[in-house]
Amino acid sequence: FTATQPPAVTVLAPASTIVITEMVLNPRSDWNDSAGGNGVPFDHLPGSGAVDAADIWIEVTGATTSTQNWTIRLTVPSGATASVPIGPINVSAQVRVLSGFTGVTLPIVRVEVVDAQGIVRQTLDIPAIEQVLGGANNTSDEALSWSVFGSTTPLLQQFTRRSATPGGFQPF
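Note that the structure is predicted; figures quoted are calculated from it, not measured.

Enquirer: Explain the sheet that holds strand β3 (residues 71–75) to me, please; I cannot follow it from the model alone.
Expert: Either a parallel or an antiparallel arrangement is found when strands of a sheet pair, and the pairing is made through backbone hydrogen bonds. On the basis of which strands lie adjacent, the open sheet formed by four strands has the order β4-β3-β6-β7 and antiparallel pairing. Looking along the sheet, the strands with just one partner apiece sit at the ends: β4 (81–85) and β7 (120–125). The sheet shows a mean angle of 15 degrees between the axes of neighbouring strands, taken without regard to direction. Inspection of the sheet shows β3 paired to strand β6 (residues 110–114) by five bridges, in the antiparallel sense. Of the residues in β6, the one forming a bridge with I72 is V113. Contacts from helix α1 (residues 126–133) reach β6 and β7, with the element oriented near 40 degrees to β7.

Enquirer: Please explain the nonpolar core as it appears in this structure.
Expert: Judged by nonpolar contacts, the single largest core of 26 residues is most densely connected at I20, M23, I58, I72, L74, F101 and V111. Those elements that provide at least two residues to this core are β1 (18–24), β2 (57–62), β3, β4, β6 and α1. Per-element accounting of this core gives the leading share, three residues, to β1. Setting aside chain neighbours within four positions, we find M23 in contact with W57, I58, V111, L124, I126, E142, A143, L144 and F159.

Enquirer: What's the story with unusual backbone geometry in this structure? I'm lost.
Expert: Glycine aside, negative phi is the norm for most residues, and most peptide bonds take the trans geometry. A cis amide bond links L106 with the next residue in sequence, P107, at an omega value of 5 degrees. Tracing the sequence through the fold places P107 in the loop between β5 (96–98) and β6. Located in the positive-phi region is D33, a residue other than glycine, with phi close to 55 degrees. Within the secondary structure layout, D33 lies in the loop between β1 and β2. Positive phi values are uncommon outside glycine, yet F42 reaches one of about 60 degrees. By the element assignment, F42 lies in the loop between β1 and β2. Judged by relative accessible area, which is 15%, F42 ranks as buried.

Enquirer: Is there a simple way to explain the pattern of salt bridges in this structure?
Expert: Note on pairing: side chains with opposite charge can pair once their charged atoms come close. Per the stated rule, a full pass over the model turns up four salt bridges. Among the ionic pairs, E112 bridges to R110, the shortest N-O distance being 3.4 Å. Classification of R110 by relative accessible area gives partly exposed; the value is 33%. Across the pair D115 and R121 runs a salt bridge, and its minimum N-O distance is 2.8 Å. On the accessibility criterion, D115 (4% relative accessible area) is buried.

Enquirer: It is not clear to me how the sheet that holds β1 should be interpreted in this structure. Could you clarify?
Expert: Pairing is antiparallel across the open sheet formed by five strands, whose spatial order is β5-β2-β1-β8-β9. Both outer strands of the open sheet, β5 and β9 (159–162), are each paired with one neighbouring strand and no more. Averaged over all neighbouring strand pairs, the angle between strand axes comes to 30 degrees, with direction disregarded. Sheet topology places strand β8 (residues 143–146) next to β9; four bridges connect them, and they run antiparallel. Looking across to β9, one finds that A143 is bridged to R162. α1 contacts β1, β8 and β9 of the sheet and is inclined by roughly 65 degrees relative to β9.

Enquirer: Please explain the environment of G118 as it appears in this structure.
Expert: Tracing the backbone through its elements, the reader meets G118 in the loop between β6 and β7. Separated by 48 residues in sequence, G118 and W70 place their C-alpha atoms 8.1 Å apart.

The rules we used
- Residues numbered from 1 in each chain as written.
- Predicted model: local features only at pLDDT ≥ 70, side-chain atom pairs only at ≥ 80, totals over all residues.
- Heavy atoms only, no water.
- Pairing = 2+ DSSP bridges.
- Helix = DSSP H or I, 4+ residues; strand = E, 2+ residues; numbered from the N terminus.
- Axes fitted to C-alpha atoms, helices over the stretch in contact; angles between N-to-C directions.
- Contact = heavy atoms within 4.5 Å.
- Core = buried A, V, L, I, M, F, W, Y, C linked by side-chain atoms within 4.5 Å.
- Buried < 20%, exposed > 50% of the residue type's maximum accessible area, 1.4 Å probe, protein only.
- Salt bridge = Lys/Arg side-chain N within 4 Å of Asp/Glu carboxyl O.

Right under this line is the structure:
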């Protein structure tokens, strides 16, 4: 019998005050209003134009405004990434919809919350989540939304599939 050294574990502060509340990573709607819609991109009324990677969006919420140097980073199978700054979250507005992940292609395999020091505070393994919840097939299930009724496993982090509601956090 030989004693083994347990693996090193890095414990980070909780994903601080940032919570990903909803993600459309495989869009089924023209969320950036490339044609039609009401001319307000990433709101409740999608356009009628082509649906592509420019329609990807992620909604976040937080209890602080100290996130101006934080980013959301998306990774595709090739390892290429695209990041968008979170910026300060207006606590009274409750949510912020992030878009403009320039250069990203579909599918997205990982979503990360990265703090101002470059430390990854949260990682979501999208293929693992979709293995359990399924992929987006149409507009009624194109969003991965945080829900109090979602799975409580660390892998799923309480996400569920449903229709997208940009800017309208609905935990129930």
